[in-house]
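Spelled out from the first residue to the last, the chains are:
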Amino acid sequence: MMIIVQDEFDHQALAQSEFEDYIEQLGEEVAPEIEIDSVPDDIGELYRVWHGSHLLGTFYQSLQGKWIVQPCNSEKRPCCDTPEAAQILIIAVNGLLVADVA
């Protein structure tokens, strides 16, 4: 009887290890590399969000303090309260938002 319990434990440990390896590989393959830079503009700093050499969109702070988002593949120009929210919105509109599984 002890052998059956040990075999079951070994299978569970192996399955857990394989699952953790799979999640790690999935995260490496799915998570996009996003870069943000800025250039001076008439309105102040214009921040650009890049995925490799592909421009995903831009955002800037309005005179009212809101962050104006300009995704490249959308006509909409939503406002956000923070620059982080603007970045996330651009990434999401481009279909590159990855959930944190950790």
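Below or above, wherever it landed, is the structure these notes cover. Remember, it's a predicted structure, so these values are computed and weren't measured experimentally.

Glancing now at the packing of aromatic side chains. Within the structure shown, the criterion is met by three aromatic pairs. Each residue in the set Y47, F59 and W67 is aromatic and connected to the rest through ring pairs, giving one cluster.

Enumeration according to the criterion identifies two salt bridges in this entry. Among the ionic pairs, R48 bridges to D37, the shortest N-O distance being 2.8 Å. Of this pair, R48 sits in strand β2 (residues 44-51) while D37 sits in strand β1 (residues 34-41); the two residues are 11 residues apart in sequence, bridging distant segments of the chain. For R48, a relative accessible area of 23% puts it in the partly exposed group. D81 serves as the salt-bridge partner of K66, at 2.3 Å between the closest nitrogen and oxygen. Separated by 15 residues along the polypeptide, K66 in the loop between β3 (54-61) and β4 (67-71) and D81 in the loop between β5 (79-80) and α2 (83-93) bring together distant segments of the chain.

What counts and what doesn't
- Residues numbered from 1 in each chain as written.
- Predicted model: local features only at pLDDT ≥ 70, side-chain atom pairs only at ≥ 80, totals over all residues.
- Heavy atoms only, no water.
- Phe/Tyr/Trp six-rings, centres within 6.5 Å; stacked < 30°, edge-to-face > 60°.
- Salt bridge = Lys/Arg side-chain N within 4 Å of Asp/Glu carboxyl O.
- Helix = DSSP H or I, 4+ residues; strand = E, 2+ residues; numbered from the N terminus.
- Buried < 20%, exposed > 50% of the residue type's maximum accessible area, 1.4 Å probe, protein only.

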